[in-house]
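# A look at the structure
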Amino acid sequence: MDALKKELKESIIEQLNLEDLNVDDIADDDALFGDGLGLDSIDALELIVMLDKDYGIKLTDPNEGKAVFVSIEVLAKYISEHRTK
Amino acid sequence: MKTNLNIITFCRIKNHSISINGKEVIQKDSQLTFSEFAKLVYKEKAFAYPKFFKMDNLSKLGFLASEFLFEKADLDAHIKENIGIVLSNKSASLDTDRKYQETINDKANYFPSPAVFVYTLANIMIGEISIKHQIKGENAFFVSDKFNELLLEQYTVSLIQNKKSSHVLCGWIDVDKDKYDAFMYLVAKEGTQNYSKEIIKNIYTTN
C-alpha cells in the first residue's frame, strides 16, 4: 500500500503540474481538494482520467468521485480494491 | 490615423530574451525549449502563482508578457479593473490543439485530457491574464496571418473613444511548437510616446 501511495503522489504531482510540491509535501491524510492541495474541478476530471488510464477504474457517478478523492489514503484503498490493471 | 493616444509601455519576448520599452531585461540560453525558458523566468522573478504551471504555452507566454508590462506600468487597481484587452496571433491555439489530439488519436488508448482541452481556444489566454490581474474590461482575440497594426489600432481607439476602457492592453502573442513571439503594449490617453499604427508597427519590427 505504501508503494501505491507514493506512486499516486508522484502521478498527481506530474499530471496535475503541481510544480511547487514534492512527494514529501503530501501527507497521506491531506485533503486533495479545498484547504488541502487546493485542487480544482479540472483536476478532478484529470484524476478520473488517471484512474481509468493507469488502473482500469471507470468512475461514472460524481458522488462516488467525491468519496474517493478525499485523500491519498482513501484513494489508495479504493484503487487497491477496484483496480483491473 | 491620428489617435491622440499614447503607448505607456511595451514588452517583447522572443529568442529567449525579454525586453521592456526596448531595453533587454532577461536573456537566457538559446538551447532551452520555450517551456524551460518560461519556467526559468517564472522562478527567477518569483511570481508565486502556481496556476502558471497548469497553463498551456500560449497562456504562459501571455502571462509572462503581461507580468513584465504591468510591473513596469504600475497601474492603480481601479484602472486595471477596467482595462480592455485586444490580442492577436497567427497560430490561434494550434500548439495545444495538437497536444490534445495526441490524447485522442489512438482508439485503443483514448484518454482525452480535460486539463489540455480547456486551453484549446486562444482567448483562454486573455482569461488567464484577466483572472490574475482582476481585469473586467471588454476583450477580443483576433487571428490573422501577421501582426495587423491597423486592426488593433481601430479596436483600441474604439474602446477608448467610446469610454469602454481608459487603458487597452494590445498585442501579438504567438506560439507554435518551439517558435514563440510576444509583443504586448499598453495604450491610454496619458503618456508621452504617441501611439499610431505606423509607430507601433515600427516598434514591432525594430525590437
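Residues numbered from 1 in each chain as written. Chains lettered and ligands numbered in written order. Predicted model: local features only at pLDDT ≥ 70, side-chain atom pairs only at ≥ 80, totals over all residues. Heavy atoms only, no water.

The subject of this paragraph is the environment of Val25 of chain B. Residues and elements named next belong to chain B. For Val25, the location among the structural elements is in strand β3 (residues 23-27). When the C-alpha atoms of Val25 and Phe68 are compared, they prove to be 9.6 Å apart, with 43 residues separating the residues in sequence. Those residues in contact with Val25 that sit more than four places away from it in its chain are Ile18, Ser19, Ile20 and Phe68. (Helix = DSSP H or I, 4+ residues; strand = E, 2+ residues; numbered from the N terminus. Contact = heavy atoms within 4.5 Å.)

Contact with chain A, which involves 12 residues of that partner, is made by 13 residues of chain B. In total, about 1100 Å² of surface goes out of reach between chain A and chain B, with carbon and sulfur atoms giving 59% of it. When residues of chain A are sorted by the area they lose upon contact with chain B, Glu19, Asp20 and Glu46 of chain A head the list and together hold 40% of the total. Connecting chain A to chain B are three salt bridges. Between Asp43 of chain A and Lys54 of chain B there is a salt bridge, with the nearest N and O atoms lying 2.9 Å from each other. Between chain A and chain B we count five residue pairs in polar contact (both at pLDDT 80 or more) in total. (Buried area = accessible area lost by both parts, 1.4 Å probe. Salt bridge = Lys/Arg side-chain N within 4 Å of Asp/Glu carboxyl O. Polar contact = N/O pair within 3.5 Å; in protein donor to acceptor, adjacent residues only side chain to side chain.)

This part takes up the packing of aromatic side chains. All names here are of chain B. Going through the model one piece at a time under the given rule, you end up with 20 aromatic pairs over all chains. Seen from their ring centres, Phe142 and Tyr155 are 5.4 Å apart, and the 70° between their planes marks the pair as edge-to-face. One end of the pair, Phe142, is in strand β5 (residues 139-143); the other, Tyr155, is in helix α7 (residues 149-161), and 13 residues separate them in sequence. With relative accessibility at 28%, the residue Tyr155 sits in the partly exposed group. Centre to centre, the rings of Phe183 and Tyr185 are 5.2 Å apart; their planes meet at 40°, and the pair counts as tilted. Of the two residues, Phe183 and Tyr185, neither departs from the other in class, the shared state being buried. Through pairs of rings, three or more aromatic residues link up here, namely Phe10, Phe147, Trp172, Phe183, Tyr185, Tyr195 and Tyr204. Lys60 extends its terminal NZ or CZ atom over the ring of Phe52, reaching a point 5.5 Å from the ring centre. Directly above the aromatic system of Phe70 lies the positively charged group of Lys80, at a separation of 4.9 Å from the ring centroid. (Phe/Tyr/Trp six-rings, centres within 6.5 Å; stacked < 30°, edge-to-face > 60°. Buried < 20%, exposed > 50% of the residue type's maximum accessible area, 1.4 Å probe, protein only. Lys NZ or Arg CZ within 6 Å of the ring centre and 35° of its normal.)

With that settled, the discussion passes to the pairing of strand β1 (residues 5-14) of chain B. All names here are of chain B. Of all the 10 residues making up β1, eight are buried; the element is thus mostly covered by neighbouring parts of the structure. Pairing between β1 and strand β8 (residues 193-195): three bridges, direction antiparallel. In the sheet register, Asn6 faces β8, and the bridge partner there is Asn194. As paired elements, β1 and strand β7 (residues 179-188) share eight bridges and run antiparallel to each other. Pairing of Cys11 across the sheet is with Met184, part of β7. Judged from the four bridges that link them, β1 and strand β2 (residues 17-20) form a sheet pairing that is antiparallel. Residue pairing in the sheet places Lys14 in a bridge with Ser17 of β2. If you look at the hairpin formed by β1 and β2, you'll find two residues sitting between the two strands, and Asn15 has a positive phi there, around 50°. (Pairing = 2+ DSSP bridges.)

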